[in-house]
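Read off the chains here:
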Amino acid sequence: MRQALLGACLALDAAGLNHGHAGNISVRTPAGMLITPSGIAAGQLDANAMVQMRLDGSACRCDDSYGHSGQLKPSSEWHLHAAVYHARSDLNAIVHAHPPYATALACARKSIPAFHYTVALSGASSIQCAPYATFGTPELATSIVETLGATGRACLMANHGILCASDNLEAALSLATEVEYLARVYSLTLQTGNAVILDEQEMQRVLARVKDYGQPQ
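Engineer: Which residues make up the sheet that holds strand 1 (residues 24-29), and what are the values?
Structural biologist: With mixed pairing, the 7 strands of this open sheet are ordered in space as 3-2-1-4-7-6-5. Of all the strands in the sheet, the pair left with one neighbour each is strand 3 (51-53) and strand 5 (129-130). The pairing of strand 4 (residues 93-97) with strand 7 (residues 161-166) spans 5 bridges and is antiparallel. Bridge pairing in strand 7 places A97 opposite I162. On top of the sheet, helix 1 (residues 2-14) reaches strand 1, strand 2 (32-35), strand 3 and strand 4; it is set at about 155° to strand 1, its chief contact. Packed on one face of the sheet, helix 4 (residues 100-107) meets strand 5, strand 6 (154-157) and strand 7 and runs near 60° to strand 6.

What follows is the structure in structure tokens.
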């Protein structure tokens, strides 16, 4: 699991979805969560750097299960990850990143509407922009949880970046890639004039169909 987190961090950088010390990734564990450490660029990480902690923020010294004590400081956004796991039992992996097109929309405080049917891959008929709150605070965590609601798996974060979550790490990474692609196409669409938005009735049909999209697990 630690190696998978490291691979995900490197994949985000390689895809241009993140850079430097920005962003963080976590996966749910029986004890709480495993999360990337604070302030270390992906290229400087190793698998042992990942931080095991409980969802209440306390250190988890599960040496018999994980073999790691004396851990690094967890990501400053641990509140955000913990709050999402508390609120949504269907989500087991979270990717927070600062990809350029989606972050640009977030800085303009624009959501991504149903201009393209694949917006439904986010679990909702639009990818909403969560209200701004200071990074690393419980207030930001609350903003994200409320924006995701009961079914959403992705949102923009005002003046900040994106958050994508799914039932596994691979799916969360894939969703982050999709959100950035949609943000790029939406930005290009706005340059040609106003985007034509699919109505809610059609998006509900699409949402029903994407539930069976892809190969069975």
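Engineer: Give me the lowdown on the nonpolar core, citing residues and values where you can.
Structural biologist: Core analysis: the biggest nonpolar cluster contains 44 residues, and I25, I112, I127, L156, I162 and V179 have the highest contact counts within it. Secondary-structure elements contributing two or more residues to this core are helix 1, strand 1, strand 4, helix 4, strand 6, strand 7, helix 6 (169-192) and helix 7 (200-210). Residues contacting I112, with those up to four places away along its chain left out, are L105, V119, S126, I127, L156, V179 and A183. Grouped together as the second largest cluster of nonpolar side chains are 21 residues, I35, L80, A133 and I144 included.

Engineer: Break down the pattern of salt bridges for me, citing the residues and quoting the values.
Structural biologist: Inspection of the entire model under this criterion finds 2 salt bridges. The shortest N-O distance in the salt bridge between D90 and R88 comes to 2.9 Å. For D90, a relative accessible area of 39% puts it in the partly exposed group. Taking relative accessible area as the criterion, R88 reaches 6% and is therefore assigned buried. Residues E202 and R205 are paired through a salt bridge, measuring 2.8 Å at the closest nitrogen-oxygen approach.

Engineer: Give me the lowdown on the side chain of N24, citing residues and values where you can.
Structural biologist: Checked against the element boundaries, N24 lands in strand 1. Within the structure, N24 has its side chain in polar contact with the side chain of H81 (distance 2.7 Å). In this view, N24 contacts T36, S75, E77, H81, I94, V95 and H96; residues no more than four positions away in its chain are not counted.

Engineer: Give me helix 4: which residues, what numbers.
Structural biologist: Owing to its 3.6 residues per turn, the α-helix brings residues three or four apart onto one side. Those residues of helix 4 that fall on the buried side of the exposure criterion are A102, T103, L105 and A106. One face of helix 4 carries all of its buried residues, which in axial projection span an arc of 155°. On its buried side, helix 4 packs onto strand 5, strand 6, strand 7 and helix 6. Count one or two residues on from helix 4 and you reach R109, which has phi positive near 55°.

Engineer: Summarise the pairing of strand 6; cite the residues concerned and give the values.
Structural biologist: On strand 6, burial covers both faces: A154 and L156 on one face and C155 and M157 on the other are all buried. One ladder, built from 2 bridges, connects strand 5 with strand 6; its direction is parallel. Bridge pairing links C129 to L156 in strand 6. Following the chain from strand 5 across helix 5 (residues 138-148) to the adjacent parallel strand 6, one finds a crossover that is right-handed. As judged from the 4 bridges shared by strand 6 and strand 7, these two strands associate in the antiparallel manner. Bridge assignment links M157 to a residue of strand 7, and that residue is G161.

Engineer: Give me the lowdown on the environment of V179, citing residues and values where you can.
Structural biologist: Here V179 lies in helix 6. Taking the C-alpha atoms as reference, V179 lies 8.4 Å from I162; in sequence the two are 17 residues apart.

Engineer: Please give an account of the state of the cysteines that cites residues and values.
Structural biologist: Tallying each qualifying case throughout the model produces 0 disulfides. No disulfide involves C9; its sulfur sits 15 Å from the nearest other cysteine sulfur, which is in C164. C129 carries a free sulfur, and the closest cysteine sulfur to it, the one in C155, is 7.9 Å from it.

Reading the values: rules and limits
Residues numbered from 1 in each chain as written. Predicted model: local features only at pLDDT ≥ 70, side-chain atom pairs only at ≥ 80, totals over all residues. Heavy atoms only, no water. Pairing = 2+ DSSP bridges. Helix = DSSP H or I, 4+ residues; strand = E, 2+ residues; numbered from the N terminus. Contact = heavy atoms within 4.5 Å. Axes fitted to C-alpha atoms, helices over the stretch in contact; angles between N-to-C directions. Core = buried A, V, L, I, M, F, W, Y, C linked by side-chain atoms within 4.5 Å. Buried < 20%, exposed > 50% of the residue type's maximum accessible area, 1.4 Å probe, protein only. Salt bridge = Lys/Arg side-chain N within 4 Å of Asp/Glu carboxyl O. Polar contact = N/O pair within 3.5 Å; in protein donor to acceptor, adjacent residues only side chain to side chain. Arc of directions from axis to C-beta. Right-handed = clockwise from strand over helix to strand, strands pointing away. Disulfide = S-S within 2.5 Å.

Read these as spatial facts, not as claims about activity.
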